[in-house]
Amino acid sequence: MFKFIIQRSVVTLFTAIGVSFLSFFVIYAIPGDPVDVILGDMASALDKAQLRKELGLDLSIFLQFKEFILKTFTGDLGTSYFSGRSVSHLILERLPATLSLGFFAMLMAMAFAIPLGVYSAVMKGKAQDRIMSLSSMILMSLPVFYSGPILIWFLALKLGAFPAGGRDGALSIFLPALSLALPLGAILFRMTRASMLEVLSKDYMTSAWAKGCSWPQIYMVHGLKNALIPVITILGLQFGTVLTGTVITETIFNWPGLGTLLFEAIGERDYPIVQACVLVTALVYVGINFITDILYSLAQPKMREMSS
Amino acid sequence: MKNFGYWGVSLLLFIAIFAPFLSPFDPNAIDLKNQYLWPSLNHLMGTDANGSDVFSQILYGARISLIVALSVVSMTTLIGLLVGSLAGLGGKSIDFLVMRVVDVVYAFPGFLLALALVAALGPSLKNLILAMTLTGWAGVCRLVRGEVQNIKDNEYVHAAQALGAGVWRKLVVHIWPNLIGILVVQASFAMAGAIMVESGLSFLGLGAGGEMPSWGKLLSDGKNDLLEAPYISFFPGLLIVFCVVSFNSLGEALRLKIVKGKVT
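Counting from 1, residues in each chain are numbered in the order their sequence is written. Written order decides the labels, with chains lettered from A and ligands numbered from 1. Reporting in this predicted model follows two pLDDT cut-offs: at least 70 for local features of residues, and 80 or more for side-chain atom pairs to be given and counted; totals over whole chains, interfaces and linings ignore these cut-offs and use all residues. Derived side-chain values reflect all non-hydrogen atoms in the structure, with water molecules and hydrogen atoms excluded from consideration.

S.K.: What should I look at first to understand the overall build of chain B in this one?
M.R.: Starting at the N terminus, helices and strands are each numbered in turn, a helix being any DSSP run of H or I of at least four residues and a strand any DSSP run of E of at least two. A count of helices and strands for chain B gives 11 helices and zero strands. Across chain B, helices and strands are ordered from the amino to the carboxyl terminus as α-α-α-α-α-α-α-α-α-α-α. In terms of overall dimensions, chain B has a C-alpha envelope of 75 × 45 × 25 Å along the principal axes. Counting the 264 residues in chain B, one finds 51% classified as buried. In this description, contact between two residues means that some pair of their heavy atoms is separated by no more than 4.5 Å. Put simply, 71% of the contacts in chain B that link residues at least 6 apart link residues at least 24 apart. Each accessible area value is a Shrake-Rupley result obtained with a 1.4 Å probe; residue values ignore everything except the protein chains displayed when judging cover. When the accessible surface of chain B is summed, it comes to about 12,200 Å², and 67% of that surface belongs to carbon and sulfur atoms. We score Asp and Glu as negative and Lys and Arg as positive, and we do not count His or the chain ends. Taken as the charge location is NZ of Lys, CZ of Arg, CG of Asp or CD of Glu. Across chain B, the 17 positively charged side chains and the 15 negatively charged ones have centroids separated by 14 Å. Burial classification: accessible surface area is computed with a 1.4 Å probe over protein chains only, and a residue below 20% of its type maximum counts as buried, one above 50% as exposed, and the rest as partly exposed.

Printed below as a string of structure tokens:
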């Protein structure tokens, strides 16, 4: 087990460096000079040269990347071109909102997807199962930029049950989280159903029936516990989708997280912020994948032997 | 239901190709006297803030979605096929190098990378396709590499090699034909994904830009008029869902066909 964790950590570290290089390079690829963006076209050549030196833009790309990595490790993500504030502060201010939205959405999705998935598997082929499977197929393809406006229109503007946007009070997380949870829940539902169907056909289920276990014991203890393993993996993989989904969701619902920060920064061409938002989101994603790998191997020793 | 994917995709292609003949109005015509008309027989899906016909915009919107998705998917498939074959056949060290690059691209949330690239390069049709291609090839590459590694140890490939076949002949004649099925299935699912990413980026104002109406842009315009005109948001979203479900069912149908073909 220990060897496996070390192995995964090394791979994750390399991936993290690669991911940092990628987010660094994206901004490097911008046509034109960032100095022109900050100072405008009217600035004198002297001012430009000085700012370029201050920002370290006169160095070669490798030196710039080295600088970027070193600074990132010490938590320094640069300063915003416009507000002059430290980017790490801005990110730390916004990150909790995004993470709470993401986790709440996942909880919501699990809360309806897993019980319904088990129910659907038990009812296989019946009308309930067919209706749920068909709806999950449609919900899976429901983008947040469609469900978001529809939810706002119906639940916020028509019924007035929830606030239409912002982060104000406990109810305000409900709509953005729901729009993220619908497609996620649909995928989890399908995964739970498929996995549960496989488990239900196993011999140990028959022997549990034969032993005279009650049905909650059979479905929950013998069935669900074994069926959940692949669901955990999907959950980890889907967290990336949720994280990127928050960019759109936050702009729809005016949720003050990383997504809105990124969106505003793109509009203002405030590249250090864009770079940092992309980097932090990608690193969180890589980190979650690492944790998923470890959890999965704890739940499934076979997996561990295979990779080592 | 079984043929939903075929019919859905055919219908979408038909709409995209014949949009100029099918649409009753010029999608970009500004007619301020007819702002925010609710759906009626004249304007099937109503009109938007400029008085433009939403139905016509949606028909034309199919073009941009399909053009972007088709370009991206054909390019990612080609790149994935070439690089994946290189990794599969090229020996241990090449395989290691290529797969580490693939790992990094794959580990990056694709939508976010595409978003950052379009934001950096500026929104245009070319940049949109470029950004989505750069982020999408890694998945195909993994798939191809795995398949190539499986196939290359078959006896007929060894036989071809013994008879003096070069790398290209081995690939083109003996290995790639085996990949066609799996690549078509993958492409179908990738089309659904690409349409989703394209509309998402357009929604954020980072799409193809310019005059061409797109579903994502329509949705983002409609978002500001939810109270007076919810129908502006309702129809383009419906089309996106229809599109994604169609390509996904097509992929699923093709996949089942291949699985059955292998069994018998």
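The discussion continues.
S.K.: Which parts of the structure should I look at to understand the interface of chain A and chain B?
M.R.: You'll often see interface size given as the accessible area lost when the parts meet. If you look at the interface, chain A gives 37 residues, while chain B gives 37 residues. Between Lys or Arg on one side and Asp or Glu on the other, a salt bridge is scored when a side-chain nitrogen of the former is within 4 Å of a carboxyl oxygen of the latter. Summed over the shared surface of chain A and chain B, the number is zero salt bridges. Here a polar contact means two N or O atoms within 3.5 Å. Within protein one must be a hydrogen donor candidate and the other an acceptor candidate, and residues neighboring in sequence count only if both atoms are side-chain atoms. Taken together, the links from chain A to chain B amount to one residue pair in polar contact (both at pLDDT 80 or more). Per-element accounting of the side of chain A that touches chain B gives the leading share, seven residues, to helix α7 (residues 144-158) of chain A. Amino acids are sorted into nonpolar (Ala, Val, Leu, Ile, Met, Phe, Trp, Tyr, Cys and Pro), charged (Asp, Glu, Lys and Arg) and polar (every other residue, Gly among them). For the side of chain A that touches chain B, the class distribution of residues is 30 nonpolar, seven polar and no charged.

S.K.: Would you mind showing me how to read the pattern of salt bridges here?
M.R.: Side chains bearing opposite charge may pair, as long as their charged atoms lie close to each other. Residue and element names in this part refer to chain B. By the definition in use, this model includes eight salt bridges over all chains. We note a salt bridge from D103 to R100, for which the minimum N-O separation is 3.0 Å. A residue pair is termed a helical-turn pair when its members lie 3 or 4 positions apart in one helix, as D103 and R100 do in helix α4 (residues 92-107) at three residues. Assessed through its relative accessible area of 17%, D103 is described here as buried. Its salt-bridge partner being E252, residue R255 comes within 2.8 Å of it at the nearest N-O pair. Here the residue R255 and the residue E252 both occupy positions in helix α11 (residues 231-263), the gap between them amounting to three residues, near one helical turn. One network of salt bridges, with partners in common, ties together R100, D103 and R142.

S.K.: What's the story with the layout of surface pockets in this structure? I'm lost.
M.R.: Vacant regions in the atomic arrangement are exposed by a probe of water-molecule size rolled over the atoms. All names here are of chain A. What the second largest pocket holds in volume is close to 830 Å³. Lining the second largest pocket are 29 residues, with L55, L57, Y81, P272 and Q275 positioned closest to its centre. Elements supplying a minimum of two residues to the lining of the second largest pocket: α1 (2-28), α2 (34-39), α3 (45-54), α4 (61-73) and α12 (271-299). The biggest single contributor to the lining of the second largest pocket is α4, with five residues. Here the term cavity refers to a set of points on a 1 Å grid, laid over the protein atoms alone, in which a 1.4 Å probe fits but cannot get out; the term pocket refers to an open set having protein on both sides within 12 Å along at least five of seven lines, with lining residues being those that place an atom within 4 Å of a point. Grid points are joined across faces, edges and corners, and a volume is the space filled by probe spheres set on the points.

S.K.: Which parts of the structure should I look at to understand empty space enclosed by the protein?
M.R.: All names here are of chain A. This model, assessed by the stated rule, comprises one cavity of 30 Å³ or more. Looking at the largest cavity, its volume works out to about 90 Å³. In terms of lining, the largest cavity is formed by 13 residues, of which the most central are T98, L243, T246, L258 and T281. Elements with a contribution of two residues or more to the lining of the largest cavity: α5 (87-122), α10 (215-253), α11 (258-268) and α12. Of the residues belonging to the lining of the largest cavity, the class tally is nine nonpolar, four polar and no charged.

S.K.: Would you explain the side chain of B:S199 in this entry?
M.R.: Considering the arrangement of structural elements, one finds B:S199 in helix α9 (residues 180-203). The buried category is assigned to B:S199, whose relative accessible area is 0%. In this view, B:S199 contacts A:F145, B:G216 and B:I240; residues no more than four positions away in its chain are not counted.

S.K.: Help me out: how do you make sense of the packing of aromatic side chains in this one?
M.R.: Remark: the centre distance and the inter-plane angle together describe each pair of aromatic rings, the angle taken between the planes. Paired rings are identified among Phe, Tyr and Trp, the last through its six-membered ring, by centres lying within 6.5 Å, and are further divided according to the angle between planes into stacked (under 30 degrees), edge-to-face (over 60) and tilted (the rest). A complete count under the given rule lists 15 aromatic pairs over all chains for this structure. Between A:F24 and A:F65, the aromatic rings sit 5.3 Å apart at their centres with planes inclined by 50 degrees, giving tilted as the arrangement. Linking A:F24 in helix α1 with A:F65 in helix α4, this pair joins segments that are 41 residues apart in sequence. Per residue, the accessibility class of A:F24 equals that of A:F65, and both read buried. When the centroid spacing of 5.3 Å and the interplanar angle of 80 degrees are considered together, the rings of B:F234 and B:F235 count as edge-to-face.

S.K.: Would you mind going over the nonpolar core with me for this structure?
M.R.: Most often, soluble globular proteins keep nonpolar side chains buried together rather than apart. By convention a nonpolar core is built from buried Ala, Val, Leu, Ile, Met, Phe, Trp, Tyr and Cys residues, the set being connected through side-chain atoms within 4.5 Å. Grouped together as the largest cluster of nonpolar side chains are 132 residues, with contacts concentrated most on A:L262, B:L115 and B:F247. Non-local contacts of B:L115, meaning those with residues more than four positions away in its chain, are made with A:V247, A:L262, A:I266, B:L201, B:L204 and B:L206. Within the second largest apolar cluster, 12 residues are counted, among which are A:V199, A:M205, A:I218 and A:Y219.

S.K.: Sorry if this is basic, but what is going on with a nonpolar patch on the surface here?
M.R.: All names here are of chain B. Like charges are joined within 9 Å and nonpolar side chains (Val, Leu, Ile, Met, Phe, Trp, Tyr) within 5 Å, but only among residues with over 30% relative accessible area and no salt bridge; these make up the patches. A cluster of nonpolar side chains, contributed by L11, L13, F14, I17, F18, F21, L22 and L70, occupies part of the molecular surface with about 770 Å² of accessible area. Elements with a minimum of two residues in the nonpolar patch: α1 (4-17) and α2 (19-22). The dominant element in the nonpolar patch, judged by the number of residues it contributes, is α1, at four residues. Topologically, L11 is positioned in helix α1.

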